[in-house]
Amino acid sequence: TGHRDSPPGLVRTARRCQEACGASPGGGRRGRVRAASTRLCRARRYVFIVQKSYQDSETGPESSVITKVKGITYSERKVWDVEEYVKPPEGGSVFSIITRIEVTPAQTLGTCPESVRVSNASCDTDDDCVAGHLDMLGNGLRTGRCVPYYRGSAKTCEVSGWCPVEDGASVSQFLGKMAPNFTILIKNSIHYPKFQFSKGNIEHRQDGYLKRCTFDEVSNLYCPIFKLGFIVERAGENFTELAHTGGVIGVIINWDCDLDLSASKCNPKYSFRRLDPKHIPASSGYNFRFAKYYKVNGSATRTLIKAYGIRIDVIVHGQAGKFSLIPTIINLATALTSIGVGSFLCDWILLTFMNKNKVYSHKKFDKVCTPRRSSGGWPVTLALVLGQAPPPPHPCSADPGGSLAIPPPWPCPTSAPSEQMVDAPQQTEGPELCAPEPSQQDSALTDPRGLAQL
């Protein structure tokens, strides 16, 4: 259609045909199919090579975590060591480091005013307090009396329990001055049972290097000793604010291992982020309570502590992969099928190596021939090309108007099925095909004089 000698009408007609067929003059349907095939091949290459579809994989390794915190700090009233500010002390994968406390000292069993924070605790007379009422969010059993509060002119109902209550005599202490320098040892070992592979995050050395190293992603990857300030900073948090309100920080250890490579290529990757919802005022922060009990003059006494701290959750996950023949065959067959090579490969195998390949060929292909020409076929062909002669007549059917139409392709005569073609369907006998007889015009064109006239 782009030739300079092409008639304009033919060019327009060809372009309309292209548009009707969904093609474009520039690339056409073949170009779009080729582009789609290219994208599909790239996707298969990504899945097979980058995603390692040729490997057998295992997720969720068996893991153990042991932690140990070291450091010392002080508050306005005392010095604190590890045994006091780490809860629980067992050294598991979840532990808390206390950074601020509210202390209610010397609580004894007796009667005292209820906290003003408890609903329906405020009163004006004894009639406002029901004796024997137990509020599940309160601090004790109500006695039925309305008594003055610890400070101010307010009154609350009297309760029987540990007195004084927490809001009445608590003292706040901050432990976070030296807390950023606390060191945390995180010892982790993993095991993939499918591949019988085990590894830990501590280097096997005998020179006591753990006593003088700290973690660095480049130089000390196998020294899992982290400073608390480093963990909070990598999680994107402000240490002072976090120490006052408390929060939960996740230390995530990822073991992604390609076991087709050496064991030295399987290394842990550490990441840190905050896990609790800090932007929700109703539930932001992290705190818990505990008490220390003792006796004074034979009476039970306790110190109630409300602790705010940084909770560390060590989370271990990973995936290991190793070459396996079964997923390789499955994914390779899927890839070849998706790009059309699978059917070609199956046909080639059936037509080449199978014992009954002729049966398969007979089932798959239909043979079609064109009409037979006269012995002097090349002059007729030349005349047809030059437009000087009508098309050869069909020997069996003629057009009533006298002009002869070009016949459709003639089916080839089928030979008798071989011994291997026992399953082929039997051909039904149709009308006998007529052999074309050479016309007078064909005979004239075979004559040199007729050719000269042409």
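Keep in mind that this is a model prediction, so the values were computed, not measured. (Residues numbered from 1 in each chain as written. Predicted model: local features only at pLDDT ≥ 70, side-chain atom pairs only at ≥ 80, totals over all residues. Heavy atoms only, no water.)

Notes on the nonpolar core
Working step 1: Ranked by internal contacts, the top residues of the largest apolar core, which has 47 residues, are Tyr85 and Leu228.
Working step 2: When residues of this core are traced back to their parent elements, those giving at least two are strand S2 (62-70), strand S6 (94-113), strand S10 (183-192), helix H5 (228-234), helix H6 (239-245), strand S13 (247-258), strand S14 (269-274) and strand S16 (299-323).
Working step 3: The element best represented in this core is S16, accounting for six residues.
Working step 4: Judged by nonpolar contacts, the second largest core, of five residues, contains Ile202, Tyr209, Cys223 and Ile225. (Core = buried A, V, L, I, M, F, W, Y, C linked by side-chain atoms within 4.5 Å. Buried < 20%, exposed > 50% of the residue type's maximum accessible area, 1.4 Å probe, protein only. Helix = DSSP H or I, 4+ residues; strand = E, 2+ residues; numbered from the N terminus.)

Some remarks on unusual backbone geometry
Working step 1: Look at the link from Lys87 to Pro88: it is a cis peptide, with omega at -15°.
Working step 2: Omega for the bond connecting Cys163 with Pro164 falls within 30 degrees of zero, at -5°, which places this linkage in the cis form.
Working step 3: Unusually for a residue other than glycine, Gln196 sits at a positive phi of about 55°.
Working step 4: Residue placement: Gln196 occurs in the loop between S10 and strand S11 (197-200).

As for a positive patch on the surface
Working step 1: A contiguous patch of positive charge on the surface is contributed by Lys68, Lys70, Lys187 and Lys211.
Working step 2: The residue Lys211 is located in the loop between S11 and strand S12 (225-227) in this model.
Working step 3: On the basis of relative accessible area, Lys211 is assigned to the exposed category, the value being 82%. (Patch = residues over 30% accessible without salt bridge, like charges linked within 9 Å, V, L, I, M, F, W, Y side chains within 5 Å. Areas by Shrake-Rupley, 256 points an atom, 1.4 Å probe, with all protein chains shown as cover. Salt bridge = Lys/Arg side-chain N within 4 Å of Asp/Glu carboxyl O. Lys, Arg positive; Asp, Glu negative; His and termini not counted. Charge placed at Lys NZ, Arg CZ, Asp CG, Glu CD.)

Some thoughts on a nonpolar patch on the surface
Working step 1: A cluster of nonpolar side chains, namely Phe344, Leu345, Trp348, Ile349 and Phe353, defines an oily patch on the protein surface of about 540 Å² accessible area.
Working step 2: Tracing the backbone shows Trp348 in helix H8 (residues 341-352).
Working step 3: Classification of Trp348 by relative accessible area gives partly exposed; the value is 42%.

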